[in-house]
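What the coordinates show
Spelled out from the first residue to the last, the chains are:
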Amino acid sequence: MLKDLGIHGGTLIACLAMGYFVIKWAVKNAILEAHYEITGEKTEEELMVERMMEEDEKKRQIAKNER
């Protein structure tokens, strides 16, 4: 069957592995989004990203004022 499609075994395994990780990523993000919509609480990862963005904004303001 794979010969008819022109696909080798290694290519098939690589495509299946990529599909697995894409689906895993999509399901994880959907669960996190649903959790936020239901509870209104942000995850630790989202809070960490927000803190990093605030720190980066402060650094940009300091660098801008030093010019």
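Residues numbered from 1 in each chain as written. Predicted model: local features only at pLDDT ≥ 70, side-chain atom pairs only at ≥ 80, totals over all residues. Heavy atoms only, no water.

Taking 1.5 Å per residue as the helical rise, helix α2 (residues 9-39) with its 31 residues ought to reach 45 Å, and the 45 Å between its terminal C-alpha atoms agrees with that figure. Just downstream of α2 lies G40, where phi reads positive at about 80°. (Helix = DSSP H or I, 4+ residues; strand = E, 2+ residues; numbered from the N terminus. Expected span 1.5 Å × (residues − 1).)

Along the polypeptide, G9 turns up in helix α2. Look at G9 and you get partly exposed, because its relative accessible area is 40%. For the pair G9 and K28, spaced 19 residues apart in the sequence, the C-alpha separation amounts to 29 Å. (Buried < 20%, exposed > 50% of the residue type's maximum accessible area, 1.4 Å probe, protein only.)

On to the pattern of salt bridges. Inspection of every chain in the model, using the stated rule, returns three salt bridges. Among the salt bridges present, the one from R51 reaches E44, with a minimum N-O distance of 3.1 Å. The closest approach of N and O atoms between R60 and D56, which form a salt bridge, is 2.9 Å. Of this pair, R60 and D56 both sit in helix α3 (residues 44-66), four residues apart, roughly one helical turn. Given a relative accessible area of 53%, R60 falls into the exposed group. Residue class for D56 comes out partly exposed when judged on its relative accessible area of 36%. (Salt bridge = Lys/Arg side-chain N within 4 Å of Asp/Glu carboxyl O.)

On the surface, I23, V27 and I31 cluster together into a nonpolar patch covering about 290 Å² of accessible area. With respect to the helices and strands, the residue I31 is situated in helix α2. I31 sits in the exposed class, given a relative accessible area of 54%. (Patch = residues over 30% accessible without salt bridge, like charges linked within 9 Å, V, L, I, M, F, W, Y side chains within 5 Å. Areas by Shrake-Rupley, 256 points an atom, 1.4 Å probe, with all protein chains shown as cover.)

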